[in-house]
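Chain by chain, the residues run as shown.
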Amino acid sequence: MSKLLCDIYRSPREQEMYLYVQKQEGLARVPDKLQELFGEPVHVTTLILTPERTLARAEAETVIKQLQEQGFYLQMPPVVDDEMRAIAAQNSKLSRG
């Protein structure tokens, strides 16, 4: 495995959902349906990805492999249990006024 230059985008629709793509390919290999569900990508950062690199919620080797094979890696938000989901929903209702 080698190193890859990749761009990371966040979803404007889903908190803590990120899309990794190879910089030179951009979003070209990301399926239209996924782009539609993801929303207009917001660029977060560009980084050099190596197998040794530590990522917050993914194994770098897995990300590299998926970038090479399918052209993107989708990092989903962490799983939240039902009680936490209810609290988050209540908080978002309160913050809206």
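Just above, that's the structure.
Described in the following lines is the structure provided in the data block. (Residues numbered from 1 in each chain as written. Predicted model: local features only at pLDDT ≥ 70, side-chain atom pairs only at ≥ 80, totals over all residues. Heavy atoms only, no water.)

Of the regular secondary structure elements, the protein chain holds three helices and four strands. Shown N-terminal to C-terminal, the secondary structure of the protein chain runs as helices and strands in the order β-β-α-β-α-β-α. For the protein chain, with 97 residues in total, the buried portion stands at 30%. Restricting the contact set of the protein chain to residue pairs at least 6 apart, pairs at least 24 apart contribute 60%. (Helix = DSSP H or I, 4+ residues; strand = E, 2+ residues; numbered from the N terminus. Buried < 20%, exposed > 50% of the residue type's maximum accessible area, 1.4 Å probe, protein only. Contact = heavy atoms within 4.5 Å.)

What follows deals with the pairing of strand E2 (residues 18-22). Counted residue by residue, E2 has four buried out of five residues, so it is predominantly covered. Pairing analysis gives five bridges linking strand E1 (residues 4-10) to E2, with the strands arranged antiparallel. The partner of Tyr-9 across the bridge, within E2, is Leu-19. One ladder, built from four bridges, connects E2 with strand E4 (residues 72-75); its direction is antiparallel. (Pairing = 2+ DSSP bridges.)

Turning our attention to the nonpolar core. By size, the foremost hydrophobic cluster in this structure holds 13 residues, and its most contacted members are Cys-6, Tyr-20, Leu-49, Leu-55, Val-63 and Leu-67. Elements with a minimum of two residues in this core: E1, strand E3 (42-49) and helix H2 (60-70). With four residues, the top contributor of residues to this core is H2. Counting eight residues, the second-largest nonpolar core is a separate cluster that includes Tyr-9, Leu-34, Phe-38 and Phe-72. (Core = buried A, V, L, I, M, F, W, Y, C linked by side-chain atoms within 4.5 Å.)

By the secondary structure assignment, Leu-5 is in strand E1. What makes Leu-5 partly exposed here is its relative accessible area of 40%. Counting along the chain gives 45 residues from Leu-5 to Thr-50, while the straight-line C-alpha distance between them is 9.0 Å. Apart from the residues within four sequence positions on either side, Leu-5 is in contact with Val-21, Gln-22, Lys-23, Gln-24, Thr-46, Leu-47 and Ile-48.

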